[in-house]
Amino acid sequence: MFVYIMRRVLWSVPFLFAASLLAFAIIQLPPGDYVESYAARLEADGQQVDEVRIIALRDRFGLDRPFIVQYWKWISGIFQGDFGLSFQWQQPVSELIGDRMFLSVILATSTLLFTWAIALPIGVYSAVKQYSVGDYVFSIIGFIGLATPNFLVALILMYVGVVVFGTNVTGLFSPEYANASWSWGKFIDLLKHLIIPVAIIGTSATASLIRIMRANLLDELFKPYVTTARAKGLSEFKAIIKYPVRIALNPFASTIAWVFPQIISGSTIVAVVLSLPTVDPLMLDALLSQDMYLAGAFILLLSVMSIVGMIVSDIVLALIDPRIRYR
Amino acid sequence: MSNSLDQSSPMEFAEATQWQLMWRRFKKHKVALLSLYIVLLFYVVAAFSEFFQTYDPEETSRRDVFHPPQMIRLFEVNDAGNRQFRPHVLGMNLERDPITLASNYAVDPEERIYVTLFGRSDPYLLLGFIPMERRLIAAVDSDEKFFLFGADRLGRDMWSRTIAGTRVSMSIGLVGVALSLFLGTLIGGMAGYLGGWVDAVSTRAIELILSMPTIPIWLGLSATIPPNIDPLLRYFAITIILSLIGWTELARVVRGRFLALRTEDFVTAARLDGASPKRVIFRHMMPSLVSHIIASVSLAIPAMILAETSLSFLGLGLQQPTISWGVLLQESQNIRSIAQAPWLFVPGAFVMLVVLALNFLGDGLRDAADPYSQHSI
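Residue numbers here run from 1 along each chain, matching the order of that chain's written sequence. Chain letters and ligand numbers both follow the written order, the letters beginning at A and the numbers at 1. Given that the model is predicted, a residue must reach a pLDDT of at least 70 before its local features are reported, and side-chain atom pairs must reach 80 or more before they are shown or counted; all residues, however, enter totals for whole chains, interfaces and linings.

J.: It is not clear to me how the overall build of chain A should be interpreted in this structure. Could you clarify?
T.: Within chain A one finds 16 helices and 2 strands. Looking at the 327 residues of chain A, the share that counts as buried comes to 36%. Whether two residues are in contact is decided by their C-beta atoms, placed from the backbone, lying within 7 Å. Intrachain contacts of chain A at a sequence separation of at least 6 include 72% that bridge at least 24 residues. Put simply, DSSP H or I for four residues or longer makes a helix, DSSP E for two residues or longer makes a strand, and each gets a number counted from the N terminus. Partly exposed residues are those whose C-beta has more than 12 but fewer than 20 other C-beta atoms within 10 Å; 20 or more makes a residue buried and 12 or fewer makes it exposed, with C-beta atoms placed from the backbone.

J.: Got a minute to help me understand the overall build of chain B in this structure?
T.: Scanning chain B for helices and strands turns up 14 helices and 4 strands. With respect to the three principal axes, the spread of C-alpha positions in chain B is 85 × 60 × 35 Å. Among the 377 residues that make up chain B, the fraction classed as buried is 40%. For chain B, the proportion of contacts with a sequence separation of at least 24, taken over those separated by at least 6, is 67%.

J.: Quick question: what am I supposed to make of the interface of chain B and chain A here?
T.: How big an interface is tends to be reported as the loss of accessible area on association of its parts. The interface is formed by 32 residues belonging to chain B together with 38 residues belonging to chain A. Those elements that provide at least two residues to the side of chain B that touches chain A are α7 (196–210), α8 (214–223), α11 (277–313), α13 (335–340) and α14 (346–368) of chain B. Gly is put with the polar residues, along with every residue not named as nonpolar or charged; the nonpolar set is Ala, Val, Leu, Ile, Met, Phe, Trp, Tyr, Cys and Pro, and the charged set is Asp, Glu, Lys and Arg. When the residues that make up the side of chain B that touches chain A are grouped by side-chain class, the tally is 22 nonpolar, 10 polar and no charged.

J.: Could you clarify how one ought to interpret the nonpolar core in this entry?
T.: Considering soluble globular proteins, one finds that nonpolar side chains tend to be buried as a cluster. A154, V270, A295, A297 and F298 of chain A together with W218 and M304 of chain B are the most contacted members of the largest nonpolar core, which has 159 residues in total. Note that the domain bounds were set by an automatic or database domain assignment. When residues are assigned to domains, this core turns out to be shared by domain 1 (68–149) and domain 2 (162–369) of chain B, each giving three or more. If sequence neighbours within four positions are ignored, F298 of chain A has contacts with V279, M283 and A286 of chain A together with P216 of chain B. What we call a nonpolar core is a set of buried Ala, Val, Leu, Ile, Met, Phe, Trp, Tyr and Cys residues whose membership is set by joining through C-beta atoms within 7 Å.

J.: Honestly, the domain arrangement of chain B in this entry has me stumped. Any pointers?
T.: Assigned domains within chain B: domain 1 (68–149) and domain 2 (162–369). If you average the C-alpha positions of domain 1 of chain B and of domain 2 of chain B, the two centres end up 40 Å apart.

J.: Looking at this model, I keep getting lost on the packing of helix α7 (residues 150–165) of chain A against helix α9 (residues 184–221) of chain A. Mind explaining?
T.: Helices that pack against each other are described as a pair by the angle of their axes relative to one another and the distance between those axes. All names here are of chain A. Working convention: axes come from line fits to C-alpha atoms, limited for helices to the stretch in contact. Angles between N-to-C directions cover 0 to 180 degrees. Interhelical geometry of α7 versus α9 gives an angle of 145° and a closest axis separation of 9 Å. Seen from above, α7 lies across α9 with right-handed handedness. The residues of α9 that touch α7, namely those facing N150, V153, A154 and L157, are I196, I200, I201, T203 and S204. The class makeup of the residues in the contact of α7 with α9 is 6 nonpolar, 3 polar and no charged. Should the near helix be turned counterclockwise from the far one by less than a right angle, the crossing is left-handed, whereas a clockwise turn marks it as right-handed.

J.: Hey, could you run me through the pairing of strand β1 (residues 73–77) of chain B in this one?
T.: Remember that side chains alternate between the two faces of the sheet whenever the strand is regular. Residues and elements named next belong to chain B. Counting buried residues in β1 gives 0 out of 5 residues, a small share hidden from the surface. In this scheme, strands are said to pair when DSSP sees at least two bridges between them. Sheet analysis places β1 next to strand β2 (residues 83–96), joined by 4 bridges and oriented antiparallel. Across the sheet, residue R73 finds its bridge partner in β2, namely H88. Following β1, the chain reverses through 5 residues before pairing antiparallel with β2; G81 in that reversal takes a positive phi of roughly 85°.

J.: I keep staring at helix α1 (residues 2–28) of chain A and nothing clicks. Help me out?
T.: An α-helical segment advances 3.6 residues per turn. Residues three or four places apart therefore align on the same side. Taking 1.5 Å of rise per residue, 27 residues should cover 39 Å, and α1 of chain A covers 39 Å from first to last C-alpha, within 8% of that figure. Fitting one axis to the seven residues ending at a residue and another to the seven starting there, the bend at that residue is the angle between the two axes. A bend of about 25° at V13 of chain A is the largest found in α1 of chain A, and the proline P14 of chain A appears one to four places after it. What α1 of chain A keeps buried is the set F15, A19, A23, F24, I26 and I27 of chain A. Looking at the buried side of α1 of chain A, the elements it contacts are α4 (67–79) and α15 (292–320) of chain A together with α7 and α8 of chain B. Multiply 1.5 Å by the residue count of a helix minus one, and that product is the helix's expected span.

J.: I keep staring at the sheet that holds strand β4 (residues 130–139) of chain B and nothing clicks. Help me out?
T.: Strand pairing in a sheet relies on backbone hydrogen bonds, with the paired strands running either antiparallel or parallel. Residues and elements named next belong to chain B. On the basis of which strands lie adjacent, the open sheet formed by 4 strands has the order β1-β2-β3-β4 and antiparallel pairing. Of all strands in the sheet, those with a lone pairing partner are β1 and β4, marking the two edges. Along the sheet, successive strands turn relative to each other by an average axial angle of 55°, direction set aside.

J.: I'm lost on the environment of I106 of chain A in this one. Help?
T.: Residue and element names in this part refer to chain A. You can see I106 is positioned in helix α5 (residues 93–128). Assessed through the 16 C-beta atoms surrounding it within 10 Å, I106 is described here as partly exposed. Once the C-alpha coordinates of I106 and L194 are considered, the two residues, 88 residues apart in sequence, prove to be 9.3 Å apart.

J.: Could you clarify how one ought to interpret the confidence of the model for chain B in this entry?
T.: Segments scoring low in pLDDT should not have their predicted coordinates read at a detailed level. Residues and elements named next belong to chain B. Per-residue confidence from the predictor is reported as pLDDT, which spans 0 to 100. For chain B, the average pLDDT comes to 79, and 94% of its residues sit at 70 or higher. The secondary structure element of chain B with the lowest average pLDDT is helix α1 (residues 3–7), at 46, and the one with the highest is helix α4 (residues 30–47), at 88. Confidence drops under pLDDT 50 across residues 1–6; counting only partners more than four residues distant or on other chains, this segment forms 7 contacts. The ipTM value of the predicted complex is 0.76, and its pTM value is 0.80.

Set out below in structure tokens:
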């Protein structure tokens with residue numbers, strides 16, 4: 001098992017490398033370099049442009065050197081915790097990311113847990129009671145969930161919240177906790193606010209997982225071993241949960257690998273609409289104002305997050321299915 | 001199970017071509033058939049969108065800011081007290097609350113704006129070059145305005161704008177998927193047919209792209225498009241960005257099918273007969289692939305449409321003056337304007353309908369794609 005995990009983690013190194021290259025390429029793509037736009041911005045604000053500072057900045061990021069050298073400067077800085085400078089905020093990027101990244105991770109993981117918690121029982125129910133009223137209802141809800149863009153659900157919920165209930169569903173904290181330090185009360189407050197974004201982001205992933213679980217289980221349910229289990233007098237519940245569901249879980253676990261990037265992707269839009277204090281609104285802002293070092297750091301971190309999620313899902317899969325770890 | 005065998009003679013069944021078998025099977029799937037008609041309707045509307053609009057989508061009107069939607073009533077009671085077929089909408093008047101100064105539209109049951117099919121309107125150019133002046137629905141008196149889906153904050157007609165957006169949103173799906181299809185069949189086909197290191201490298205690349213969160217990367221790439229670029233160029237840039245990531249799914253399908261087909265007897269036979277790789281691929285393998293590719297394409301289009309809508313909604317996709325469903329929905333980002341004008345959600349309903357229909361269509365096609373499988377024929 002240990003060997004398997006080690007191999008899996010090593011395999012992800014080239015992935016992480018490619019992700020960082022991609023993020024850096026995005027930083028590099030806009031015409032002109034970062035210091036040029038920084039100087040232009042300072043001048044536009046009517047500030048003095050300090051030549052020494054400009055030269056120091058150019059040197060720091062190696063802007064006159066080829067792509068690979070610049071990339072090396074950037075990535076080796078990141079290993080020392082230096083993500084570059086956000087020229088819009090006039091702060092090191094690492095200071096801006098901290099808390100927001102933490103909330104993003106919480107949001108993504110709780111969405112993943114929510115997705116499983118909902119999709120698993122419904123999938124099992126839909127398969128066992130195939131073509132029942134409940135099955136049809138869940139199928140229809142599932143299809144609509146797949147077809148609706150996340151942000152539309154968020155907008156509609158906001159609309160309902162404001163017009164019908166007169167409350168605001170945006171944000172992750174109540175005003176009194178927004179700037180408070182962490183406490184039990186703040187944690188409970190966070191949980192309360194998490195429910196709506198988690199439900200919105202999870203809809204489409206839940207919908208597809210339900211369909212996968214249903215199809216997997218349907219393949220298993222009519223196999224002879226289930227009949228044998230029934231014939232031997234196992235209770236219906238045990239006969240289904242203990243054997244076919246366990247087998248149907250395998251392909252289900254392997255889907256986590258793509259569900260996680262999907263969740264991170266979906267949370268970007270929902271977080272912007274609901275103005276959650278996660279990395280996403282700041283990233284969009286940075287992209288819109290071409291604050292490329294900040295944006296690049298976010299793209300890198302989100303990609304790393306989804307690669308890590310993939311590793312975790314592979315390990316989970318290996319835990320459930322011995323055939324994989326002994327291959 | 002095989003009720004079509006009962007209807008048609010076994011001989012007819014045995015002689016039917018692959019496409020006939022597929023069509024026969026597709027027709028069984030009632031929801032997919034209905035979806036096919038809906039999708040076709042949307043493409044017709046997209047192609048001739050000017051004809052289906054009621055007004056010029058850019059025409060602003062200060063008197064009609066946030067004008068609510070009006071429903072077409074088919075019958076009216078005439079002076080003699082009989083019901084008579086005369087389609088019309090009830091007029092609405094802008095009233096200002098004397099205390100709060102809030103503006104409100106009140107229905108005026110006396111004022112009727114009669115509408116007709118194929119009525120005359122201001123002249124316009126169909127497809128940008130055919131001069132016409134009749135529209136699908138128009139007011140009998142062309143000086144009067146009516147708003148089927150309401151108006152936005154500049155008093156522009158939402159019906160016309162949504163219909164105009166149909167063209168951009170539906171076509172970006174098609175163009176994007178065509179590009180992804182090209183990349184996907186090329187890379188997936190090479191990986192599946194050649195195998196070896198080509199397969200290993202492209203499979204890793206696909207895995208890498210699939211493990212990335214797509215929206216942040218799309219956003220990052222489209223943020224690098226210069227902001228003042230020509231709308232048409234921007235449209236193509238966005239399509240390219242979308243298909244740079246969208247090809248992976250298609251490549252996987254193609255590769256899987258190629259791997260499965262490569263060892264089939266008829267392919268081996270063709271190769272042993274001395275057919276060139278080109279001939280084996282295009283003459284022998286492609287015909288059994290096409291149906292699967294069509295099915296995956298129809299499942300890839302809705303993903304493209306959703307992606308474009310999301311990007312434009314966030315302000316990094318298409319931008320004004322281009323009209324797409326995402327651009328229109330951007331207007332509803334402001335909670336105050338949707339509280340005042342919930343009809344700004346209408347383009348969202350269009351997105352849902354099209355994506356739903358395309359998904360069902362794709363499901364039906366996928367089931368029908370393999371006419372020799374054991375399921376009900």
